[in-house]
Each structure stands twice: as C-alpha cells, then as structure tokens.
Amino acid sequence: MMEKLVGRGQKKRLHSNDEPRRSPRKKIKAETDEMIKEEDGDASGEFSRPIPWKKIEAEGLDCDYALLFSKEEADTLFQQLEEELVYSTGEQAQVQVFGKVYNIPRKQATYGDAGVTYTYSGVTRVASPWTPTLRNIRDKVTNTTGRIFNFVLINRYKDGRDHMGEHRDDERELDPLWPIASVSLGATRDFIFRHRDARGKQSNRRIQPVKLELANGSLLLMNPPTNSMWYHSLPIRKKVIRPRINLTFRRIKLINEPKS
DNA sequence: TAGCATACATAAGT
DNA sequence: CACTTATGTATGCT
C-alpha cells in the first residue's frame, strides 16, 4: 500500500523509443515529434485569446492542447472544487460490467444545464446545476474555444491507483460533431490513446499509441473523429500520490425527439 | 531484483 | 450479435 515514491524522473518514461531531444521544453510528449506542432497564439484564428496551442495529430486523431490556467489559478480552482463538488455514492458509484458489479475506481459527478441527462454503462445520471466554480471554468473554456457546452462529467482520481479503463466517449446522446473539452486540475497524469484497429491480438495494423501528459491547469480538446477512431485511458501510475480532478465538457443532445 | 507497466483473456447482458 | 469495462494474470522492462 505504501508508496516508496522518490522522484526518479517520472517524465522520461513516456519516451520509450527515444530520439535526440529537439525541443526540450515540450510540455506534452507524443510518440513522434511529428505529431505535435506548435501553434503559438495565433490570435487571428478562431480563438479569442493568444494561448499557445499544440496540435496533436495521427490517423483519425485530432487534438489541441494548451495550458489554460496558471498554477496559482489551477490550485485555487482545485481547492474550490474540493469544497463545492458532490460525488456520486452508492449504486451511482458502481458499474455493471458483464453482469458483475464493480466499484468505479475513481469518483464521478455530473453537472450541467437543467434537464440534461447522461447515460454511462447503463446508468443514467441527471446533471446537477452548475456551481459557481464550474461556471467559471466552463466560461473560460467557451471563451477560449468558441464552443458552448451544456454538460460536464467530472472524474476525481485520489491518487495514481485510481484510473479509468480504455473506452471511447461515443455515446449516442453526445453530439458527434462537437469536441470534448477536458480540463485537468491537480496531479499530472499520463493519458493514452489507442487506435481502434490496433487493439487485440490479431489486429494487422500496428498503429502506435499516442501518449500525453495532462498537466495541472491544462485543456485538451478532442476533436472529431478522435472519439470514434481512438480509445483512451488513464492508466494506473503508482508513483502518483496526489489527487487529480478532470472535467470533460460535452454537448449532450436533448432527447426530446428521438429518431426512430 | 522487485516493482511497475503493458497486453490480453475473461466475465454476461444489451 | 458486436460491443461493452474492469479485473486478474502473464510477461517484459528497468
């Protein structure tokens, strides 16, 4: 149970087949340098603020990454959320997988506009009303991306043992043409994408996984068709001892008039 | 080495 | 009926 911690270069492990460092200050890492392009604050673009974005691309994968909050801002937001948020308990904190019931290895909460619901592994959750801090973060994301979101799924990982298995966010109630905006607060965690055709034993395709570090105060935009082509996961990292709160802002289609 | 990371087999319901 | 997501186990890496 106890950690032996002692920081032995946690960051380096992401570079497995290492090459000479061409850009030592990169805040995120991918398998190849080609996947990441600097897009330093082109304010003439569709984004309203000159934040340095990084583009992460692979076959069918399209993400934008930026540091949205300073460390001080992020730490404050984290503490405010720790006081404000109420996480699911009881049955709402369990998942039924293949007939077996498991406790979710993390904590979850759902907030959003009135009337929005979200179904995850057969369990429907109702969005609680936005809290002040969530509104702040949501508005910052909207101002930065030009996108409006009506829902946020929050996952809290108390340490590196809390995790999330490989999955796609491709629920039917999600607008497939809308990006998902993922805000990270607290401990840095590894984040792994795997192409859907590169899973399992007998997949002919050898598409390398894309590995990122999601830092305190960062925003990761997952643009279509990333979420249908790639699975993602937040793997166990036993050396991580601090908590992380992740907020994934989404657009949920209102299910008033479902198509038969 | 011991411990960690990763890949895969596996569970039964929709 | 293809797909689901967490756990357990095997194996490789450092």
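If you check an unreviewed UniProt entry, chain A appears there as DNA oxidative demethylase ALKBH2 from Gouania willdenowi. As stated in UniProt under Sequence similarities (unreviewed entry), the record for chain A gives "Belongs to the alkB family."

Positionally, Glu-171 belongs in the loop between β10 (164-167) and β11 (180-186). Apart from the residues within four sequence positions on either side, Glu-171 is in contact with Tyr-118, Thr-119 and Tyr-120.

Attention now moves to the sheet that holds strand β12 (residues 189-195). Read across the open sheet, the four strands follow the order β10-β15-β12-β13; overall the sheet is antiparallel. Edge positions in the sheet fall to β10 and β13 (210-214), since each of these pairs with one other strand and no more. Sheet twist, expressed as the average angle between the axes of neighbouring strands with direction ignored, equals 15 degrees. Inspection of the sheet shows β12 paired to strand β15 (residues 230-234) by four bridges, in the antiparallel sense. Opposite Ile-192, over in β15, you have Ser-233 as the bridge partner.

Basis of the calculations
Residues numbered from 1 in each chain as written. Chains lettered and ligands numbered in written order. Predicted model: local features only at pLDDT ≥ 70, side-chain atom pairs only at ≥ 80, totals over all residues. Heavy atoms only, no water. UniProt positions renumbered as here; feature names shortened; annotations may be inferred. Helix = DSSP H or I, 4+ residues; strand = E, 2+ residues; numbered from the N terminus. Contact = heavy atoms within 4.5 Å. Pairing = 2+ DSSP bridges. Axes fitted to C-alpha atoms, helices over the stretch in contact; angles between N-to-C directions.

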